[in-house]
Amino acid sequence: MENLFYLPSQFMPKVNTQAYKLLAAIADGHKHDKQELMVVLDDDPRSPLQALRGEKHGFWVIHNVGSTKGVYQLDECHLSGDRDIDQQVRVQAELKFLKCSRQLAERETLRLPKAIEAESIAKSLAQESFNFSESNRKPTED
C-alpha cells in the first residue's frame, strides 16, 4: 500500500473499512481472484469495489481481467507514482461512470410509463378481487 502514499488522502478509504482492505489487497498490481478477496474481506468484494470505483473514493480503476470474470487488478496508472497519470485515469473513469449513470437514468425514465400502467392494473385487479369477495359473503344474522 506504500506505493499509493503519493496520492492525496481524499482518495484513500478509511482504515479498517472493507474498501481499505480491498485496496490494500490489490495495491500490489497483481491479479486477485474473487475467492482470494472473499477470504481477505470475509465477505463478497462487490460493495467495496463499487465504493472504490465511485465518487466517494475518487474513481479508482479496478479491472475485471482474465478469461473468467471475478479476477481483479488495480490499473497500472494508479501504481505509476505520477499524480498526473493517476489523475488522467480518474477523469476517464469518472466520465465513464457518469455516462453509465445517465444511460441508466434514461432507461428507467423510458420504463416509467409502463411501470405506472402495470401498477394501476394491479390496483384495479386487487380492488375487483376485494369487491368480489365482499359480494359473495352471506349476510350475518343479528
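You'll find the structure just up there.
The rules behind each value
Residues numbered from 1 in each chain as written. Predicted model: local features only at pLDDT ≥ 70, side-chain atom pairs only at ≥ 80, totals over all residues. Heavy atoms only, no water. Helix = DSSP H or I, 4+ residues; strand = E, 2+ residues; numbered from the N terminus. Contact = heavy atoms within 4.5 Å. Axes fitted to C-alpha atoms, helices over the stretch in contact; angles between N-to-C directions. Parallel < 35°, antiparallel > 145°, perpendicular 65-115°, else oblique. Left-handed = near helix turned anticlockwise from the far one by under 90°. Nonpolar A, V, L, I, M, F, W, Y, C, P; charged D, E, K, R; others polar. Core = buried A, V, L, I, M, F, W, Y, C linked by side-chain atoms within 4.5 Å. Buried < 20%, exposed > 50% of the residue type's maximum accessible area, 1.4 Å probe, protein only. Pairing = 2+ DSSP bridges. Polar contact = N/O pair within 3.5 Å; in protein donor to acceptor, adjacent residues only side chain to side chain.

(A) Fine view of the environment of V61. Following the sequence through the fold, V61 ends up in the loop between helix 3 (46-53) and strand 2 (62-64). Not counting residues up to four positions away in its chain, the partners in contact with V61 are Q73, L74, D75, H78, V89 and A93.

(B) Spotlight on the environment of L104. Assignment of secondary structure puts L104 in helix 4 (residues 83-135). Taking the C-alpha atoms as reference points, L104 and E76, 28 residues apart in sequence, are found 29 Å from one another.

(C) Inspection of the packing of helix 1 (residues 18-26) against helix 2 (residues 34-41) at higher detail. As a packed pair, helix 1 and helix 2 sit with axes 10 Å apart at the nearest point and diverge in direction by 130°. Classified by the angle their axes make, helix 1 and helix 2 are oblique. In this structure, helix 1 meets helix 2 at a crossing whose hand is right-handed. For the pair helix 1 and helix 2, contact is made by Q18, K21, L22, A25 and I26 and by L37, V40 and L41, respectively. Grouping the amino acids of the contact of helix 1 with helix 2 by side-chain chemistry returns six nonpolar, one polar and one charged.

(D) View of the nonpolar core. Counting 20 residues, the largest nonpolar core has L4, L23, W60 and I62 as its most contacted members. Secondary-structure elements contributing two or more residues to this core are helix 1, helix 2, helix 3 and strand 3 (71-74). If one sorts the elements of this core by residue count, helix 1 sits on top with five residues. Contact partners of I62, with chain neighbours within four places excluded, come to I26, L49, L52, R53, Y72, Q73 and L74.

(E) Up close: the sheet that holds strand 2. In spatial order, the strands read 1-3-2; together these three strands make up an open sheet with antiparallel pairing. Edge strands, defined here as strands with exactly one partner in the open sheet, are strand 1 (32-33) and strand 2. Two elements, strand 2 and strand 3, share three bridges in a ladder whose sense is antiparallel. When the bridges of strand 3 are listed, I62 appears paired with L74. Its contacts with the sheet place helix 3 against strand 2 and strand 3, and it is angled at close to 135° to strand 2.

(F) The arrangement of helix 2 in detail. A side-chain oxygen of the first residue of helix 2 lies 3.2 Å from the backbone nitrogen of Q35; this N-cap is D33. Directly after helix 2, the chain includes D42, whose backbone phi takes a positive value near 60°.

(G) The environment of G70, seen in detail. Mapped onto the elements, G70 comes out in the loop between strand 2 and strand 3. Spatially, the C-alpha atom of G70 lies 9.7 Å from that of L37, the residues being 33 residues apart in sequence. G70 has contacts with H32, D33, K34 and N64, leaving out every residue within four places of it along the chain.

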